[in-house]
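Each chain, written out:
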Amino acid sequence: MDLAYLEIVTDTGLQIEVRYKGEHVGWIRRSADHTRYEYYHGVLNDFAYAYSNASLDELKRLLGVRAGLSPLLATGLMI
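The structure presented is a predicted model; accordingly, all values stated were derived computationally and were not measured.

### With respect to unusual backbone geometry
1) Next: The phi angle at Lys21 is positive, at roughly 50°, despite the residue not being glycine.
2) Next: By the secondary structure assignment, Lys21 is in the loop between strand E2 (13-20) and strand E3 (23-30).
3) Next: Phi is positive for His34, which is not a glycine, with a value near 60°.
4) Next: Turning to its location among the elements, His34 is positioned in the loop between E3 and strand E4 (37-41).

So this is what it looks like as structure tokens:
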């Protein structure tokens, strides 16, 4: 599998590091109201999420689908 997830506990809560072929490409975090999970593309992106879903499994599934479709993955720019 090209996508991998690493759970990291911080002082602000759980964050999930998203890796594509071993390279860190983004984060999954809980929304401020804890009703959904949000995917933030990029290592330093804390402001704008690209995808969200109430189900973590569904969000991971969506990222897996996008990983297979994105022409910019080779440059590490997006999922």
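### Focus: the pairing of E2
1) Next: Where strand E1 (residues 3-10) meets E2, 8 bridges bridge the pair, whose relative direction is antiparallel. Along E2, the bridge assignment pairs Ile8 with Gln15.
2) Next: Linking two consecutive strands that pair antiparallel, namely E1 and E2, is a turn of 2 residues.
3) Next: Bridge count for E2 against E3 is 6 bridges, and the pairing is antiparallel. Its bridge partner lying in E3, Ile16 is registered against Ile28.

### Some thoughts on the confidence of the model for the protein
1) Next: In the predicted model, the protein carries a mean pLDDT of 85, and the fraction of residues at 70 or more is 85%.
2) Next: With pLDDT under 50 throughout, residues 71-77 is counted as low confidence; its partners more than four residues away or in other chains account for 9 contacts.

The rules behind each value
- Residues numbered from 1 in each chain as written.
- Predicted model: local features only at pLDDT ≥ 70, side-chain atom pairs only at ≥ 80, totals over all residues.
- Heavy atoms only, no water.
- Helix = DSSP H or I, 4+ residues; strand = E, 2+ residues; numbered from the N terminus.
- Pairing = 2+ DSSP bridges.
- pLDDT = per-residue confidence, 0-100.
- Contact = heavy atoms within 4.5 Å.

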